[in-house]
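Per-entry structural report
What follows is each chain in one-letter form.
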Amino acid sequence: MKHLVRASLLSAALVALASGSSLSFAQTTAPLDAWPQRPLRVVVPFPPGGGTDAVARALGQKLSARLGQPVVTDNKPGASTIIGTETVVKAEPDGYTLLVSGSTSYTVNAALRHKLPYDPLKDLAPVAIVARAPLVIVVNANAPYKDLAALIAAAKAAPKTINYATFGSGSAPHLVGALLEQAADVRLQDVPYRGSAQAMMGLIGGEIQMAIDTVASAAPHVRSGKLRALAIAGNERARALPSVPTVTEQKLPDAAFDGWYAVAAPARTPAPIVNKLIKEVEAAMRDPHLQEQIRAQGMEPVFVGPKAMHAAMDNEIGRYRALAHRAKIVVD
């Protein structure tokens, strides 16, 4: 009889333990299965109104419709996107705080800044690259350079006499200028401007001889006849300027710069949530209306998954770090 009692007590204990374990497992997994249960915050490390903000808001609308929760854009500009990116890095890794930013946040800062307060390769979980933003090399329409070869020939004949606009040391135009210098074996002179509008007016007004800017910023001036486009600073032609050859086509592949915009979450975000995010972002990027919204910003909509995004980050950080060393680009 005592053996039966002991057996019954043991069975009851095992059932209780199993029930407790099941409850604990359910409590652990239910939030992941039910995600999202409240609004998502998308941090954009730029002011409202720019290309990054436009991509984030357009994508956020599609994700909101698919996920059944509001997606709120939180603009946190400053310190070359470091403030906004660090906000995401330090956020709770629960899938409710995401980053939408350009490649500056994912690669350029890590390559050029020794005191960056985070490591994008370790502290962010890649979701997807969602847009490519080609840059274009432009000159004044009245300039004597009819093509990129003519500009390079002039730069070789008179080093440092061709001035080009940048947005400061380590900015995308500065990196493209440095890549072009090394690929073509020329010496140019960078001139910092506060932004695209000032750089375009400086070029149109004759203050500088060349500018490297986004297709979205430069294309209207090219179409109006004020500027001449010499090359797309990438490996693929731009839909907005289809007749302009790339630097790769002009036998300068080492001058190519791939500008892009991507989505990421804090590292340690649970894999089921990241996987659901990847699936939903991929589905959203197939939407024709979203694609047209992105193309209206002078960008090309794409979907590049997390593995390829991580590989691109790793490759570009190494490439730009080596470029900064050779070109003596100092940002810190």
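The residue numbers shown here count from 1 along each chain, following its written sequence. In keeping with the predicted nature of the model, local features appear solely for residues at pLDDT of at least 70, side-chain atom pairs appear and are counted solely at 80 or more, and the whole-chain, interface and lining totals rest on all residues. By convention in this description, side-chain values take in all heavy atoms of the structure and omit both hydrogens and water.

1. Quick look at the packing of helix H7 (residues 172–184) against helix H12 (residues 306–327)
Viewed as axis vectors pointing N to C, H7 and H12 meet at an angle of 70°, and their least axial separation amounts to 10 Å. Between H7 and H12, the angle is such that the two are roughly perpendicular. Contacts between H7 and H12 pair Leu 175, Ala 178, Leu 179 and Gln 182 from the former with Arg 319, Tyr 320, Leu 323, Arg 326 and Ala 327 from the latter. Only Asp, Glu, Lys and Arg are considered charged in this grouping, and only Ala, Val, Leu, Ile, Met, Phe, Trp, Tyr, Cys and Pro are considered nonpolar; every other residue, Gly among them, is considered polar. Among the residues making up the contact of H7 with H12, the classes are represented as 6 nonpolar, 1 polar and 2 charged. For every element, the axis is a line fit to its C-alpha atoms; helices are fit only across the contacting stretch, and the angle between N-to-C directions ranges from 0 to 180 degrees. For helices the rule is a DSSP run of H or I covering at least 4 residues; for strands it is a run of E covering at least 2, with both sets numbered from the N terminus onward. Angles below 35 degrees are treated as roughly parallel, those above 145 as roughly antiparallel, those between 65 and 115 as roughly perpendicular, and all remaining angles as oblique. Contact definition: two residues touch when any of their heavy atoms are within 4.5 Å.

2. A short note on the domain arrangement of the chain
Accessible area lost on assembly of the parts is the figure often given for the size of an interface. The split of the chain into domains comes from an automatic or database domain assignment. Domain boundaries assigned for the chain yield domain 1 (37–133 + 259–327) and domain 2 (135–255). Look at where the C-alpha atoms of domain 1 and domain 2 centre, and you get two points 27 Å apart. Contacts between the two partners involve 12 residues from domain 1, matched on the other side by 12 residues from domain 2. Buried area: the accessible area, evaluated with a 1.4 Å probe, that two parts lose upon being put together, summed over both parts. The largest per-residue losses of area from domain 1 upon contact with domain 2 belong to Ala 133, Arg 319 and Leu 323, which jointly make up 39% of the total buried on that side. One side-chain nitrogen of Lys or Arg within 4 Å of one carboxyl oxygen of Asp or Glu is enough to make a salt bridge. If you look at where domain 1 meets domain 2, you find 1 salt bridge. When the shortest N-O distance is used, the salt bridge between Arg 239 and Glu 300 registers 3.2 Å.

3. Quick word on helix H9 (residues 215–223)
Residue burial is assigned from relative accessible area. The probe radius is 1.4 Å, only protein chains are included, and a residue is buried under 20% of its type maximum, exposed over 50%, and partly exposed in between. For H9, the set of buried residues is Val 215, Ala 218, Ala 219 and Val 222. One face of H9 carries all of its buried residues, which in axial projection span an arc of 110°. Buried residues along H9 sit against strand S5 (135–140), helix H8 (196–204), strand S8 (210–214) and strand S9 (227–232). Remark: Gly 225 follows H9 within two positions and exhibits a positive phi of approximately 90°. This arc is built from the directions going out from the helix axis to the C-beta atoms.

4. Observations regarding the sheet that holds strand S6 (residues 163–166)
Spatially, 5 strands are ordered S7-S6-S8-S5-S9 in an open sheet, and the strand pairing comes out mixed. Of all the strands in the sheet, the pair left with one neighbour each is strand S7 (189–192) and S9. Direction aside, neighbouring strands of the sheet carry axes that sit 35° apart on average. Bridge count for S6 against S8 is 2 bridges, and the pairing is parallel. Its bridge partner lying in S8, Ala 165 is registered against Ala 211. Relative to S6, H7 is tilted by about 145°, and along the sheet it contacts S5, S6, S7 and S8. Two strands qualify as a pair provided that DSSP identifies no fewer than 2 bridges between them.

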